[in-house]
Amino acid sequence: MKQFLIPSCIYIILTLVCVATIYGQDECSCSCVKTEIPESKDEQEELMEQEVEKIKEELYVNKKSLSSNVRKKSSADDERPSAQNVGYMGVAMLGLAGGLIIFMDANYIIQIGNMIYKKLPSFTTVRTN
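Residues numbered from 1 in each chain as written. Predicted model: local features only at pLDDT ≥ 70, side-chain atom pairs only at ≥ 80, totals over all residues. Heavy atoms only, no water.

Caption draft 1: Quick peek at the overall build of the protein chain. Assigned secondary structure in the protein chain consists of four helices and two strands. Overall, the protein chain shows an N-to-C arrangement of helices and strands of β-α-β-α-α-α. Per-residue burial over the protein chain gives 11% buried out of 129 residues. Put simply, 50% of the contacts in the protein chain that link residues at least 6 apart link residues at least 24 apart. (Helix = DSSP H or I, 4+ residues; strand = E, 2+ residues; numbered from the N terminus. Buried < 20%, exposed > 50% of the residue type's maximum accessible area, 1.4 Å probe, protein only. Contact = heavy atoms within 4.5 Å.)

This is the structure:
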């Protein structure tokens, strides 16, 4: 069997001979991964699948630990006075809108409260049967 180069990121070319062996050197002096490639296609495919799985394990990253995921869940502080004033105005507008709705319905709520109060029996009167 001949020795071939299998870089950790390229598996397309399995049939190329190491550049160093082309120039008559016995071994490659490069830092890439060297392995013996079997001559049968089935064994080559099995070797490629093993290498792909090995690379997948090396490149796996837990998505929950990425900074992009952490930043997605929290907002950044903004200490500028203009940003704070816009926030205060937003809170005031929402409070004003909610208060206006409650104020417009206040008369109706009072009327319902009076009707319920008038229909309840008084606890101070004594019933006689």
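Caption draft 2: Summary view of a negative patch on the surface. Together, Asp42, Glu43, Glu45, Glu46 and Glu49 make up a negatively charged patch on the protein surface. Mapped onto the elements of the fold, Glu46 is located in helix 2 (residues 41–59). (Patch = residues over 30% accessible without salt bridge, like charges linked within 9 Å, V, L, I, M, F, W, Y side chains within 5 Å. Areas by Shrake-Rupley, 256 points an atom, 1.4 Å probe, with all protein chains shown as cover. Salt bridge = Lys/Arg side-chain N within 4 Å of Asp/Glu carboxyl O. Lys, Arg positive; Asp, Glu negative; His and termini not counted. Charge placed at Lys NZ, Arg CZ, Asp CG, Glu CD.)

Caption draft 3: Quick look at a nonpolar patch on the surface. On the surface, Tyr108, Ile112, Ile116 and Leu120 cluster together into a nonpolar patch covering about 400 Å² of accessible area. Summarising the element assignment, Leu120 is placed in the segment after helix 4 (81–119). On the accessibility criterion, Leu120 (51% relative accessible area) is exposed.

Caption draft 4: Region of the structure containing helix 4. Between its terminal C-alpha atoms helix 4 stretches 55 Å, which fits the 57 Å expected from 39 residues at 1.5 Å a residue. Along its length, helix 4 reaches its greatest deviation from straightness, about 45°, at Ala106. (Expected span 1.5 Å × (residues − 1). Bend = angle between axes of the 7 residues up to and from the residue.)

Caption draft 5: Region of the structure containing the confidence of the model for the protein chain. For the protein chain, per-residue confidence averages 76 on the pLDDT scale, and residues scoring 70 or more make up 65% of the total. When mean pLDDT is compared element by element in the protein chain, helix 4 scores highest at 93, while helix 1 (residues 19–22) scores lowest at 47. Low pLDDT, under 50, characterises residues 1–5; the stretch is placed with 26 contacts to residues that sit more than four places away or in other chains. (pLDDT = per-residue confidence, 0-100.)

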